[in-house]
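Chain by chain, the residues:
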Amino acid sequence: MRVALMVTCLNDAMFPDAGKAVVTLLRRLGVDVEFPAAQTCCGQPMVNTGYLDEAVPVVRSFVRAFEGYDAVVTPSGSCAGSARHQHSIVARRSGDPGLATAVAEISPRVHELSEFLVDVLGVEDVGASFPHAVTYHPTCHSLRMLGVGDRPERLLRAVRGLRLLDLPRAEECCGFGGTFALKNADTSVAMGADKARHVRESGAEVLVAGDSSCLMHIGGLLTRQRAGVRVMHLAEVLASTEGATRAGAAR
Amino acid sequence: MSARDEILAAVRGAVATARRPVEVPPLDRPEREGDVDLFAARVADYRATVVRCPPEGVAAAIAAALPERATVVVPDGMPYAVPGAVPDAGLSSAELDATTAVVTTATVAIATTGTIVLSHGAGEGRRVLTLVPDVHVCVVRADQVVDDVPAAVRRLDPARPTTWISGPSATSDIELSRVEGVHGPRTLHVVLVGPADGTPPGAVS
Amino acid sequence: MSRTFVGMPPFPTAARAALADTQLRANLAHATTTIRAKRAAVVAELDDWEALRLRAAAIKDDVLLHLDEHLVRLEESLTARGAVVHWARTAEEASEVVAQVARAHGVDEVVKVKSMATQEVELNEHLAAQGISAWETDLAELIVQLGDDLPSHILVPAIHRNRAEIRAIFEREMARVGRPAPADLTDDPVRLAEAARLHLREKFLRAKVGVSGANFAVADSGTLVVVESEGNGRMCLTLPEVLVSVVGIEKVVPTWTELDVFLTLLPRSSTGERMNPYTSTWSGVTPGDGPQEVHVVLLDNGRTRALADEVGRQALRCIRCSACLNVCPVYERTGGHAYGSVYPGPIGAILNPLLKGVGHDEQTDSLPYASSLCGACFEACPVRIDIPSVLVDLRAQVVDAHRSGVPKPEALAMRAAAAAFGSGGRLAAAEQASGLAGRALDALSSLTRRGRRAGGRRLVGRLPGPGAAWTDARDLPVPPRESFRAWWKRTDGGTR
Ligand code: SF4
């Protein structure tokens, strides 16, 4: 099985540790993951802001980068959702039947990390160790667009030493929403402030989620509040082993 | 072009390239009999009162449900005796406003939702009768209780006006806290005629 | 009593003001939390909820794709049952039909059942201009009307008001238009509802003309359906001699039987009850019972425009239950006024642009962006309207409508991003630049001594320009010195 890592533009440029964690984790599980250097972005920032024409070259480059792989794994529910549900819209817009065919071919092979681990590799215990009190925020696109269900929680529960605490109103959006965070910054922050409050109420020392974008938003609020809760990508927790705990990058 | 023709033409233009047969899945629910106990419980959930009685006890149950010295109106074709009640001879709204209570039957009742449905024929009366007086006593036979809303829809004739009543009138417009009793009758008594032990409907003697 | 949404600012501006209103925030948080729990409980009672949703959506799709046939059928059945059918292309035409009926009967007042369609066409304002008072009789509508306020929710238009505010409005305003509020009124909801009952009863008993909308219009039986709670609907539909119902053309259901699924879905989705207290159905005129003159106005007002929208068409399936508002995290915080329309919340964010078209005014164009695309609305919608997908499609329409003009900074940024993201090589170069910028910021923040770190990384405290929208309230980490891509290349995927 040829497996490609789609690291996502945000992790690439801002949170490389999340990508490195996926590599560590998958290698430990015996998957020789490749990184196609032609990859850039899934195009979601353009599509969700209404710039379909601008998304066409991006989806083209996506298709070029990931053609021929059996599976594409990505540490982002949102970007997986974009590839699976939005690339066909962009392909239709391009008027290029070749692009549409390529998209139809690749889209179903794109898996968010927890889906890949549980459904494709069939593992829940990834051999991780992370002796901390953790709470998990199910990001909207993982939860409602992809329907990853409780896969992330199942993975987290199998982590040695990890104490998983309930997050109040967990399923409510954190308010990131891509360019929504800028175009409707006030509302975005109002939503994020409540999410941050719930995170603090959970009593966790670490907030975990499967999307660096949402973590950047919630984490940015938490550090601004000097809250003392750090945020980590799910991949970073799952990649941690005894003696090799990842610190969690600032988001 | 008339407004009618223009709208219809616009509709046709809008769907011209989109028309396709749509497969409507049927409502795939097992036929279940109406659970009379459930009906009674669900009516009571709305803070309406439910009194169960055998057929020979209806008159007494109605009398007990009516407030003392109430002025009472009954529709044409009321099958149960209501002593002292005024028959509806085209009473005006103002006259009805001065009437305390109304006693009627119903066409169908819904167990799952605790609903009674009137279709305003014999025994049920004009719509205004069960609207303006403040107390509504409704006699429902156990064999009229169906399982859920879809079964009730199928039993009703759309040509008749119908009123579906689930408890007394209520509002949640103030901070979404429920208040019973706004414009419709503030008190609803349901007299449920039939055995109380869950014997199947129709077994009422 | 003639406030309208005309001239409302775009959503972000209106939302900023709403977010600062702490009373509003508290009222909304309380109300939406309450209704969410109620809805969830009664939805969970039915084990075939998803099947019901699928059936409802399919029925409505079928209707919409053959709407012309259904409308003609509806007109025939209504006429056969003694109703007079009118067609209205626009808001003005619809309002004018009602005004004509009122004038024909020489009345200077009508009583109204809460109806979205009549609000949409601004019927009350149209009638007022002709000296006809339209009395709202739904409790929440009464609160809004007496308070010279605007509705902020489809189902509970005064959701933004708490009991103390309502009491103040009743005490101040009721006497002006009819029976005054009782002298000893308290802010107990029971007492407030009682005050409304007494205030409105005299209006019900004397009204000659009633005005309603309809939740459903059954084509083959000519039956209209009004779903309500308080009994004000029954009053308006029963007591007046004349009844005019303004019905959007999308309200059609083909046959009576198909109401089975809608009457199951609607109350559970909207008020979170197994069944609403009252549902009334009527088919034209019933001799000797209720209004003996019945008019039905079939309203377009942008619906055929929405129907032509391939993706957006599904919005016409909407049964106005308001579940999408109640679960929406944006609505919960901004309330309804920020949407600048009688249709607020997620459905408003798509319906308004679909009915009015985009590219004409900034306010409408801002609505498709008034969502984080979290998808809670789609999940709750009883007729499975994929609101996030329609929002995304409308955003593209907004952008396309402005493509010919001078490009906004946002458009330029998107073009630049498209260029960078068009090739891995170009992106690598851009990242190198950001890494350099990161190092510069890093150095700078250590100089100012304001620099803070989290997880070993420096944080950007404040950015100038558009970046301030982020850093006003949120920290941002300084870009790392090395991108993932550069790391992979340098270490050969971490193997060196
Ligand atoms: S869009 Fe769906 S959830 Fe929202 S009001 Fe309409 S029917 Fe209800």
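All figures in this text were calculated on a predicted structure; none of them were measured in a lab.

A. Expanded view of the environment of Thr101(A). Tracing the backbone through its elements, the reader meets Thr101(A) in helix α6 (residues 97-106). Remark: the alpha-carbon pair of Thr101(A) and Met191(A), spanning 90 residues in sequence, is separated by 39 Å.

B. Representation of helix α11 (residues 185-202) of chain A in the model. Residue and element names in this part refer to chain A. With 18 residues, α11 should reach 26 Å at 1.5 Å per residue; the first-to-last C-alpha distance of 25 Å fits that figure. Taking burial as the measure, the 18 residues of α11 include 13 buried ones, the bulk of the element. Looking one or two places after α11, you find Gly-203, whose phi comes out positive at around 80 degrees.

C. Inspection of unusual backbone geometry at higher detail. Residue and element names in this part refer to chain B. Its identity is not glycine, yet Arg-47 carries a phi of approximately 60 degrees, on the positive side. Relative to the assigned elements, Arg-47 resides in the loop between α2 (36-45) and β1 (49-53). Its relative accessible area of 62% is what places Arg-47 among the exposed residues. In this model, Glu-175 sits at a positive phi of 55 degrees, which is unusual for a non-glycine residue. Residue position: Glu-175 is located in the loop between β10 (170-171) and β11 (179-180). Under the relative-accessibility criterion, Glu-175 is labelled buried at 19%.

D. Up close: the domain arrangement of chain A. Residues and elements named next belong to chain A. For chain A, the assigned domains are domain 1 (3-120) and domain 2 (133-244). One C-alpha centre belongs to domain 1, the other to domain 2; they are set 22 Å apart. Taken together, the contact between domain 1 and domain 2 spans 29 residues of the former and 24 residues of the latter. Counting each side, the surface lost to burial between domain 1 and domain 2 is near 2000 Å², with a carbon and sulfur contribution of 66%. Together, Arg-28, Ser-114 and Val-118 form the three largest contributors to the area buried by domain 1 at its contact with domain 2, with a combined 19%. Applying the counting rule to domain 1 against domain 2 returns one salt bridge. With a shortest N-O distance of 3.0 Å, Arg-151 and Asp-119 are connected by a salt bridge. Summed over the shared surface of domain 1 and domain 2, the result is 11 residue pairs in polar contact (both at pLDDT 80 or more). Residue assignment for the side of domain 1 that touches domain 2 shows that the elements contributing at least two residues are α1 (9-13), α2 (16-28), α5 (77-94) and α7 (113-120). The class makeup of the residues in the side of domain 1 that touches domain 2 is 11 nonpolar, 12 polar and six charged.

E. Main features of empty space enclosed by the protein. Residues and elements named next belong to chain C. The final tally for this structure, using the stated rule, is six cavities of 30 Å³ or more. Here the largest cavity is characterised by a volume of approximately 600 Å³. Contributing to the lining of the largest cavity are 37 residues, with Lys-114, Leu-155, Asn-215, Val-227 and Glu-228 lying nearest its centre. Where the lining of the largest cavity is concerned, the elements lending two or more residues are α6 (116-120), β6 (223-228), β7 (242-248) and α12 (259-270). Split by residue class, the lining of the largest cavity holds 17 nonpolar, 11 polar and nine charged. The space that makes up the second largest cavity amounts to roughly 120 Å³.

F. Structural context of the interface of chain C and chain A. With 69 residues of chain C in contact, the opposing surface of chain A contributes 71 residues. Scanning the region where chain C abuts chain A turns up 12 salt bridges. Across the pair Asp475(C) and Arg224(A) runs a salt bridge whose closest N-O atoms are separated by 2.8 Å. At the boundary of chain C and chain A, one finds 33 residue pairs in polar contact (both at pLDDT 80 or more). Of the residues forming the side of chain C that touches chain A, the biggest block, eight residues, is contributed by helix α20 (residues 409-421) of chain C. In terms of residue class, the side of chain C that touches chain A is built from 34 nonpolar, 14 polar and 21 charged.

G. View of the nonpolar core. Ranked by size, the top nonpolar core spans 200 residues in total, and within it Trp164(B), Phe170(C), Leu263(C) and Ile350(C) carry the most contacts. Per-element tally for this core: the top contributor is helix α4 (residues 52-66) of chain A, with nine residues. Looking at this core, you find at least three residues from each of domain 1 (3-120) and domain 2 (133-244) of chain A. Beyond its immediate stretch of four places on either side in the chain, Leu263(C) contacts Val149(B), Val153(B), Trp164(B), Phe216(C), Val225(C), Val227(C), Met275(C) and Thr279(C). In terms of nonpolar packing, the next biggest core, distinct from the first, is built from 37 residues, Leu5(A), Val23(A), Phe130(A) and Ala239(A) among them.

H. The arrangement of the pairing of strand β10 (residues 293-299) of chain C in detail. All names here are of chain C. Most of β10 is tucked away, with six of its seven residues classed as buried. Of the strand pairs in this sheet, strand β1 (residues 83-88) and β10 are connected by six bridges, and their pairing is parallel. If you follow His-86 over to β10, its bridge partner there is Val-297.

I. Highlighting the pairing of strand β4 (residues 133-136) of chain A. All names here are of chain A. On β4, burial covers both faces: Ala-133 and Thr-135 on one face and Val-134 and Tyr-136 on the other are all buried. Of the pairings in the sheet, the one linking β4 to strand β5 (residues 163-165) comprises three bridges and is parallel in character. Bridged to Thr-135 within β5 is Leu-165. Bridge count between β4 and strand β6 (residues 206-209): three bridges; the pairing is parallel.

Rules used in this analysis
- Residues numbered from 1 in each chain as written.
- Chains lettered and ligands numbered in written order.
- Predicted model: local features only at pLDDT ≥ 70, side-chain atom pairs only at ≥ 80, totals over all residues.
- Heavy atoms only, no water.
- Helix = DSSP H or I, 4+ residues; strand = E, 2+ residues; numbered from the N terminus.
- Expected span 1.5 Å × (residues − 1).
- Buried < 20%, exposed > 50% of the residue type's maximum accessible area, 1.4 Å probe, protein only.
- Domains from an automatic or database assignment.
- Contact = heavy atoms within 4.5 Å.
- Buried area = accessible area lost by both parts, 1.4 Å probe.
- Salt bridge = Lys/Arg side-chain N within 4 Å of Asp/Glu carboxyl O.
- Polar contact = N/O pair within 3.5 Å; in protein donor to acceptor, adjacent residues only side chain to side chain.
- Nonpolar A, V, L, I, M, F, W, Y, C, P; charged D, E, K, R; others polar.
- 1 Å grid on protein atoms, 1.4 Å probe; cavity = no way out; pocket = protein on both sides within 12 Å on 5 of 7 lines; lining within 4 Å.
- Points joined across faces, edges and corners; volume = space filled by probe spheres on them.
- Core = buried A, V, L, I, M, F, W, Y, C linked by side-chain atoms within 4.5 Å.
- Pairing = 2+ DSSP bridges.

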